[in-house]
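# Observations on chain architecture
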Amino acid sequence: MTVRLHWFLPTGGDGRTLVDRHAYGSNIGRETRGLRTPDIEYLAQIAKAAEQLGFEAVLTPTGTWCEDAWLTTVALAQHTERLKFLVAFRPGLLSPTLAAQMAATYQRLTRGRLLLNVVTGGDSAEQRRFGDHLDHDRRYERTDEFLSVVRGVWRGEPYDFHGAHYEVEGGLTSLPPDPVPELFFGGSSQAAGPVAARHADVYLTWGEPPAQVKEKIDWIRSLAEREGRTVRFGIRLHTISRDSSADAWSTANRLLDGLDADTIAAAQAALGRSESVGQRRMLDLHGGSRDQLEIYPNLWAGVGLVRGGAGTALVGSHGEVADLIEEYHSLGVEHFVLSGYPHLEEAYWFGEGVIPELAARGLLAADTASRATGRPAPILVARGR
């Protein structure tokens, strides 16, 4: 099992501070220092950098404050050659048969570069913006049915399904996707686990300390075994990697500059209203306090003071960051979905610093390792006569 690396597309805006999707949404039309709008030119820079540096795919988020992930990534596919797109989407906001058809079309248009990130949704207020009024556990019930239909329809022959949320008669994609997109799925609640076990190719967790990640892996693995399935594992983290540990920690602390106590308290109150068990676990890592944000050696919870979702970062020298990746990998984590502020610059810091470290340890696939350790072509200097 090799380490498979993915980056992130900030379709809600980017910048040199802890910019959140919500931050971009609330600042539309206002000038904010260091804010980068998610136009196609900037996102293409990130996508091209990720491809050049050896990342396999880029995760594209979903939600009110983001550009649409399907449309954005299929446009970016025209600017890249090999890069895959991990498209986040929410079951229940579109028909499962239509989603299956969209995925099949996407695979043909991009020659097989689609991965899917299934986001059931842990915030009822956010779900209601899209017209969804189911409660937390019923959303997971619907996701279970949704993914059953999607996989059934991908068989390429008429498929019937009769459930509490969906009634499908003769559903099919006339040309099934080739290859079938891998399904990434996350969720820490008791309602989420069985759904992941039945449908996920990759179970994706946020970046908790290794012992807690191992507990999740053991939990999902045991549930999958009961279903007669094998699930692979991934982790979602930010990263701040520098030539020295001191430089990395200085950068991390600088991200918190300008965040006063009221700003953090307001963010924590908003995040605390989430129904997501995973979000509550992120909040528990720091308790809303700036004190002791290094919750495990080189694992920093500062991002989660104001940002929802993934709230931890790998911080340290390139070797220290590689050490922690190797530790997670030893637990069974294969996919690392990473990001950093700003996403363009941090892709280079990681790509030019940590990826060669991982390659030297034999943790990367041969094609990724060759790009990481490849030497530039010699520069030819013309001499006058």
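Small disclaimer: the values here were computed from a predicted structure and weren't measured. (Residues numbered from 1 in each chain as written. Predicted model: local features only at pLDDT ≥ 70, side-chain atom pairs only at ≥ 80, totals over all residues. Heavy atoms only, no water.)

## Describing the pattern of salt bridges
- If you walk through the whole model with that rule in mind, you get 17 salt bridges.
- Ionic pairing is found between E56 and K84, a salt bridge with its closest N-O pair at 3.6 Å. Note that E56 is positioned in the loop between α2 (40-53) and β2 (57-60) and K84 in strand β3 (residues 84-89), a separation of 28 residues in sequence.
- The exposure class of E56 is buried, given its relative accessible area of 19%.
- Between K214 and D218 there is a salt bridge, with the nearest N and O atoms lying 2.8 Å from each other. Of this pair, K214 and D218 are both found in helix α8 (residues 210-226), four residues apart, which corresponds to roughly one turn of the helix.
- On the accessibility criterion, K214 (40% relative accessible area) is partly exposed.
- Salt bridges sharing partners connect three or more residues here, namely R4, E56, K84, E182, R232 and E334. (Salt bridge = Lys/Arg side-chain N within 4 Å of Asp/Glu carboxyl O. Helix = DSSP H or I, 4+ residues; strand = E, 2+ residues; numbered from the N terminus. Buried < 20%, exposed > 50% of the residue type's maximum accessible area, 1.4 Å probe, protein only.)

## Some thoughts on the environment of L305
- With respect to the secondary-structure elements, L305 resides in the loop between β11 (299-300) and β12 (313-317).
- Overall, the relative accessible area of 0% leaves L305 in the buried class.
- The sequence separation of L305 and L256 amounts to 49 residues, and the corresponding C-alpha distance is 9.0 Å.
- Residues within four places of L305 in sequence aside, it is in contact with L256, I264, A267, Q268, H286, G288, S289, R290 and L293. (Contact = heavy atoms within 4.5 Å.)

## Notes on unusual backbone geometry
- Of the consecutive residues D178 and P179, the connecting peptide bond is found in the cis state with omega at 0°.
- Look at the link from Y341 to P342: it is a cis peptide, with omega at -10°.
- Within the fold, P342 resides in the loop between β13 (333-339) and α13 (343-360).
- Phi at Q292 takes a positive value of approximately 55°, unusual for a residue other than glycine.
- For Q292, the position within the fold is in the loop between α11 (277-284) and β10 (294-296).
- Look at N298: it is not a glycine, yet its phi comes out positive at around 70°.
- Checked against the element boundaries, N298 lands in the loop between β10 and β11.

## Considerations on the nonpolar core
- Judged by nonpolar contacts, the single largest core of 77 residues is most densely connected at L5, Y328 and F350.
- The element that contributes the greatest number of residues to this core is α2, accounting for eight residues.
- Formed by 21 residues, the second largest nonpolar core is a distinct cluster that contains I240, W300, A301 and V315. (Core = buried A, V, L, I, M, F, W, Y, C linked by side-chain atoms within 4.5 Å.)

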